[in-house]
Amino acid sequence: MSSDTSLMQGSRAVTPPLTSPGSPRSPLSPGSLQLPVHRPRDRSPSPMRGYLIPSPLPTRRNRTCSATARASEGPVFTGVCKCFSRSKGHGFITPSDGGSDIFVHISDIEGEYVPVEGDEMSYKVCSIPPKHEKVQAVEVTITHLKLGTVHETWSGHIISS
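Numbering of residues starts from 1 in each chain and follows the order in which that chain's sequence is written. Where local features are concerned, this predicted model is filtered to residues with pLDDT of at least 70; where side-chain atom pairs are given and counted, the filter is 80 or more; whole-chain, interface and lining totals use all residues. The basis for every side-chain value is the complete set of heavy atoms in the structure, and neither hydrogens nor water enter the calculation.

**Q** Report on the pairing of strand β6 (residues 120-127), specifying residues and quantitative values.
**A** Across a regular strand the side chains alternate sides, sitting on one face of the sheet and then on the other. When DSSP finds two or more bridges between a pair of strands, those strands are recorded as paired. Helix and strand definitions follow DSSP, with helices as H or I runs of at least four residues and strands as E runs of at least two, each counted in order from the N terminus. Alignment of strand β3 (residues 77-85) against β6, held across four bridges, turns out to be antiparallel. Looking at the pairing, Val 80 lines up with Glu 120 of β6. Two elements, β6 and strand β7 (residues 135-144), share seven bridges in a ladder whose sense is antiparallel. If you follow Ser 127 over to β7, its bridge partner there is Val 135.

Below you can see the structure in the form of structure tokens.
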């Protein structure tokens, strides 16, 4: 009666059978359990898999309507393009009033030219979630192209100014 597998029924102990009918092994042994075989899930053969990280920054596509409305109602600022990487899809604007640099995403740039260092720009600002401590430039337009530089259109045409 000291067995761990015994059950009490009324006043007598009943021990369950260790084997099921027609089975040579105990149903409690791990070898008799038929567990599903784990296979890795098939994935698309994307060359960028492993490199793309979801961006926490609100781009034009994933910005909420209320954030877009707040940004549209805000004042227009001016600044100069500090840097912009078309391949990375973002850059920074140095404000004319001398504040800290402001992030700009490729989806928020209006017009036909890719920004180049030194281009004068106008923009509005939108706060970046989740803490809303920093801002990014939205509705960005290039007001004056920097003279003596080569500019590229979004379609890839090269134009020198």
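**Q** Break down the layout of surface pockets for me, citing the residues and quoting the values.
**A** Rolled over the atoms, a probe with the dimensions of a water molecule shows which regions are left empty. Grid spacing is 1 Å over the protein atoms alone, the probe is 1.4 Å, and a cavity is where that probe fits but cannot get out, while a pocket is an open set with protein on both sides within 12 Å along at least five of seven lines and lining residues have an atom within 4 Å of a point. Grid points are joined across faces, edges and corners, and a volume is the space filled by probe spheres set on the points. As a volume, the largest pocket reaches approximately 220 Å³. For the largest pocket, the lining is made up of 14 residues, of which Pro 95, Ser 100, Asp 101, Ile 102 and Val 135 are closest to its centre. Put simply, the parts of the chain that give the lining of the largest pocket at least two residues each are β3, β5 (102-105) and β6. Think of it as three bins: nonpolar holds Ala, Val, Leu, Ile, Met, Phe, Trp, Tyr, Cys and Pro, charged holds Asp, Glu, Lys and Arg, and polar takes everything else, Gly as well. When the residues that make up the lining of the largest pocket are grouped by side-chain class, the tally is seven nonpolar, four polar and three charged.

**Q** Summarise the pairing of β5; cite the residues concerned and give the values.
**A** The alternating pattern of β5 places Ile 102 and Val 104 and Phe 103 and His 105 on opposite faces, both of which are buried. Two elements, strand β4 (residues 90-95) and β5, share four bridges in a ladder whose sense is antiparallel. Among the inter-strand pairings, Phe 92 is bridged to a residue of β5, identified as Phe 103. When β5 meets β7, the two strands line up parallel, connected through two bridges. The classification of residues rests on relative accessible area computed with a 1.4 Å probe and restricted to protein chains. Under 20% of the type maximum is buried, over 50% is exposed, and intermediate values are partly exposed.

**Q** Run through the side chain of Asp 119, naming residues and quoting values.
**A** Within the secondary structure layout, Asp 119 lies in the loop between β5 and β6. We call two residues in contact whenever any of their non-hydrogen atoms come within 4.5 Å of each other. If we ignore the near neighbours within four places in the chain, the residues touching Asp 119 are Gly 79, Val 80, Cys 81, Val 114, Ile 142, His 144, Leu 145, Lys 146 and His 151.

**Q** So, the sheet that holds β3: which residues are in play, and what are the values?
**A** Here five strands make up a closed barrel; going around it, the order is β3-β4-β5-β7-β6 and the pairing mixed. Recorded for the sheet is a direction-independent mean angle of 50 degrees between the axes of neighbouring strands. Only the contacting stretch of a helix is used when fitting its axis, a line to C-alpha atoms as for every element, and angles between N-to-C directions run 0 to 180 degrees. Across the sheet, helix α1 (residues 65-73) touches β6 and β7, and the angle it forms with β6 is around 135 degrees.

**Q** Could you give me a rundown of the environment of Glu 120, with the residues and numbers involved?
**A** Mapped onto the elements of the fold, Glu 120 is located in strand β6. When residues no more than four places from it in sequence are discounted, the contact partners of Glu 120 are Gly 79, Thr 141, Ile 142, Thr 143 and His 144.

**Q** How would you sum up the pattern of salt bridges? Please name residues and give values.
**A** One side-chain nitrogen of Lys or Arg within 4 Å of one carboxyl oxygen of Asp or Glu is enough to make a salt bridge. Summed over all chains, the structure comprises three salt bridges. The partner of Asp 101 in a salt bridge is Lys 82, with the nearest N and O atoms 2.6 Å apart. Here Lys 82 lies in strand β3 and Asp 101 lies in the loop between β4 and β5, a separation of 19 residues in the sequence. In this structure, Arg 86 engages Glu 152 in a salt bridge whose closest nitrogen and oxygen atoms are separated by 2.8 Å.

**Q** Any chance you could break down the nonpolar core for me, citing the residues and the numbers?
**A** Here, nonpolar core means buried Ala, Val, Leu, Ile, Met, Phe, Trp, Tyr and Cys residues that are tied together by side-chain atoms lying within 4.5 Å of each other. Cys 81, Phe 84, Ile 93, Ile 102, Val 104, Ile 109, Val 114, Met 121, Tyr 123, Ala 137 and Val 140 together form the largest nonpolar core, which totals eleven residues. Listed by contribution, the elements that provide at least two residues to this core are β3, β5, β6 and β7. Residues in contact with Val 140, not counting those within four places in the same chain, are Ile 93, Val 104, Asp 108, Ile 109, Glu 110, Met 121, Ser 122 and Tyr 123.

**Q** Could you give an account of the side chain of Thr 149, naming the residues involved and the relevant values?
**A** In this fold, Thr 149 is placed in the loop between β7 and β8 (150-152). Classification of Thr 149 as buried rests on a relative accessible area of 15%. Here His 151 takes part through its side chain, which lies 3.3 Å from a polar atom of the side chain of Thr 149. Under the rule applied, a polar contact is a pair of N or O atoms within 3.5 Å (in protein, one hydrogen donor and one hydrogen acceptor; residues adjacent in sequence only if both atoms are side-chain atoms).

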